[in-house]
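Fold and contact review
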Amino acid sequence: AVVIEHGAEALLAFLPKAALAMLVVIVGMAIIGCVTRKIQYRLENLDTSVPEVPKSNFSCAAEESEESESETALMDKEAAEPAPPKEPSLDPTIVRFAISLLRACMKIYLIMMAAGIVGISSSSFIAIFSIFSLSVGLSLQDLMRDVANGLRLIMLRPYRVGDHIRIELEDGKLIGKVLDVAIFQTTMLMEDNKTIIIPNHVISIVTNETRHGASRNDVVLRVDYAENLRTVKDTLLSMADKDPMILKQPEVPKVLVSDFSEVGMELILRVWVRAEDRLARSALPRQIASEGGP
């Protein structure tokens, strides 16, 4: 009876601490989420441009008149032309990675503080965490590799938020736009408008199709020997010239003969497109077929 009485007293003494610790965790998680979102918003919209130096008031009337006319013309031109989209001052990749790291550190500190409320000292918490880490070390290997590879991605920066990349995997490849680079994973928007989350430790071979602003697209076509080669080339080049997504730099569109076989000649229509105009790559062969091309 004495043991039960002491147990009940200990439980009654522990329950308020446990409730307070749970309340601290719930409120703390909400505050951490709110604070980190505000910090991320401020950093992504931070204006680091250098302010213009005000001009001297000691200018002659003629110069003022000239400047007024030029400013009026410039304002008219800016009103006629839409303003280009404002680029973020800080790299969104670094900002989002830093925010995810900050969020993780704050949550760990919050858990340690809640453990202190219920009577678990920080040294005891660290000892328990060490034992737990050793016991599940094998299962945490991929997690640690995710963190290490996430740091490597941030330092080497093979891609950034907004880049179109191709990731080679053991069972295939992934092609899409980078939405976020965090401590443990990279988030991508696929070409079929699906969002996929990739653990950082599986990312090894990456092809960045946005880094240089333009990418080459080779469309392979097979033409019968009965067709006039000059006419086929002129038709393909004319179609490429009419397509607004095909660039004239760094090279103009070309038609090359790549192979001869029993069934006909193999041609390559080589064009350059902007990295963001990825639809041009898959649409061009369909356009050639629909317009009666070879």
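Let me begin by describing the structure that accompanies this report. These figures come from a predicted structure and were not determined experimentally. (Residues numbered from 1 in each chain as written. Predicted model: local features only at pLDDT ≥ 70, side-chain atom pairs only at ≥ 80, totals over all residues. Heavy atoms only, no water.)

**Considerations on the nonpolar core**
- The biggest cluster of nonpolar side chains holds 14 residues, and the ones touching the most others in it are Tyr 159, Ile 165, Ile 167, Met 188, Ile 198 and Ile 203.
- Listing elements by their share of this core, those giving two or more residues are helix H5 (141-156), strand E1 (164-169), strand E2 (172-181) and strand E3 (185-190).
- Among the elements that take part in this core, E2 stands out by supplying three residues, more than any other.
- One finds Val 219, Leu 267, Leu 269 and Val 273 within the second-largest nonpolar core, a separate group that totals 13 residues. (Core = buried A, V, L, I, M, F, W, Y, C linked by side-chain atoms within 4.5 Å. Buried < 20%, exposed > 50% of the residue type's maximum accessible area, 1.4 Å probe, protein only. Helix = DSSP H or I, 4+ residues; strand = E, 2+ residues; numbered from the N terminus.)

**Concerning H5**
- Spanning 16 residues, H5 covers 22 Å between terminal C-alpha atoms, matching the ideal 22 Å at 1.5 Å per step.
- Restricting attention to buried positions, one finds in H5 the residues Asp 146, Asn 149, Gly 150, Leu 153 and Ile 154. Around the axis of H5, the buried residues are gathered within 140° of arc, so they sit on the same side. Residues of H5 that are exposed and point more than 90 degrees away from the buried face comprise Met 155 and Leu 156.
- In this structure, the buried residues of H5 make contact with helix H3 (92-117), E2, E3 and strand E4 (195-199).
- Backbone geometry just after H5 places Arg 157 at a positive phi near 50°. (Expected span 1.5 Å × (residues − 1). Arc of directions from axis to C-beta. Contact = heavy atoms within 4.5 Å.)

**Details of unusual backbone geometry**
- Each neighbour pair has its own omega, and for Gln 249 with Pro 250 the value is 5°, a cis peptide bond.
- For Pro 250, the location among the structural elements is in the loop between strand E7 (246-247) and strand E8 (254-260).
- Although it is not a glycine, Arg 157 sits at a positive phi angle of roughly 50°.
- In this structure, Asn 193 takes a positive phi of about 70° despite not being glycine.
- One can find Asn 193 in the loop between E3 and E4.

**With respect to the side chain of Arg 270**
- Note on placement: Arg 270 falls in strand E9 (residues 265-274).
- With relative accessibility at 19%, the residue Arg 270 sits in the buried group.
- Polar side-chain contacts of Arg 270 include one of 3.1 Å to the side chain of Asp 218.
- Those residues in contact with Arg 270, other than ones at most four positions away along the chain, are Arg 216, Asn 217, Asp 218, Val 252, Pro 253, Lys 254 and Leu 256. (Polar contact = N/O pair within 3.5 Å; in protein donor to acceptor, adjacent residues only side chain to side chain.)

**Description of the environment of Ile 268**
- As for its placement among the helices and strands, Ile 268 is situated in strand E9.
- Put simply, Ile 268 and Val 255 are 13 residues apart on the chain and 5.6 Å apart in space, counted from C-alpha to C-alpha.
- With residues up to four places along the chain from it excluded, the contact list for Ile 268 reads Asp 218, Val 219, Val 220, Lys 254, Val 255, Leu 256 and Ser 258.

**Focus on a nonpolar patch on the surface**
- Taken together, the side chains of Leu 20, Met 22, Leu 23, Ile 26, Val 27, Ile 31, Val 35, Ile 39, Leu 43, Leu 46 and Leu 102 present a nonpolar region at the surface, about 910 Å² in accessible area.
- Note on placement: Met 22 falls in helix H1 (residues 2-44). (Patch = residues over 30% accessible without salt bridge, like charges linked within 9 Å, V, L, I, M, F, W, Y side chains within 5 Å. Areas by Shrake-Rupley, 256 points an atom, 1.4 Å probe, with all protein chains shown as cover. Salt bridge = Lys/Arg side-chain N within 4 Å of Asp/Glu carboxyl O.)

**A word on the environment of Gln 40**
- Here Gln 40 lies in helix H1.
- Along the sequence, Gln 40 and Ile 99 sit 59 residues apart, while their C-alpha atoms lie 6.6 Å from each other.
- Discounting residues that sit within four places of it in the chain, Gln 40 has contacts with Val 95, Arg 96, Ile 99 and Arg 103.

**A few points about the side chain of Lys 233**
- Secondary-structure assignment places Lys 233 in helix H6 (residues 229-242).
- Nearest to the buried, unbridged Lys 233 among oppositely charged side chains is Asp 234, at 8.4 Å.
- In contact with Lys 233, not counting residues within four places along its chain, are Val 255 and Val 257. (Lys, Arg positive; Asp, Glu negative; His and termini not counted.)

**Topic: the sheet that holds E4**
- Across the sheet, five strands lie side by side as E4-E3-E2-E1-E5; this open sheet has antiparallel pairing. Whereas interior strands pair on both sides, the edge strands pair on one side only; in this sheet they are E4 and strand E5 (205-208). Taken pair by pair, the neighbouring strands of this sheet meet at an average axis angle of 40°, ignoring direction.
- Pairing between E3 and E4: five bridges, direction antiparallel. By the bridge assignment for E4, Thr 187 is matched with Ile 197. (Pairing = 2+ DSSP bridges. Axes fitted to C-alpha atoms, helices over the stretch in contact; angles between N-to-C directions.)

**Some thoughts on the pattern of salt bridges**
- Enumeration over the complete set of coordinates arrives at eight salt bridges.
- We note a salt bridge from Asp 234 to Arg 230, for which the minimum N-O separation is 4.0 Å. With Asp 234 and Arg 230 both in helix H6 and four residues apart, the pair spans about one turn of that helix.
- The class of Arg 230 is exposed, set by a relative accessible area of 54%.
- Between Glu 251 and Lys 254 there is a salt bridge whose closest N-O contact spans 3.8 Å.
- The structure contains a network of salt bridges with shared partners spanning Arg 216, Asp 218 and Arg 270.

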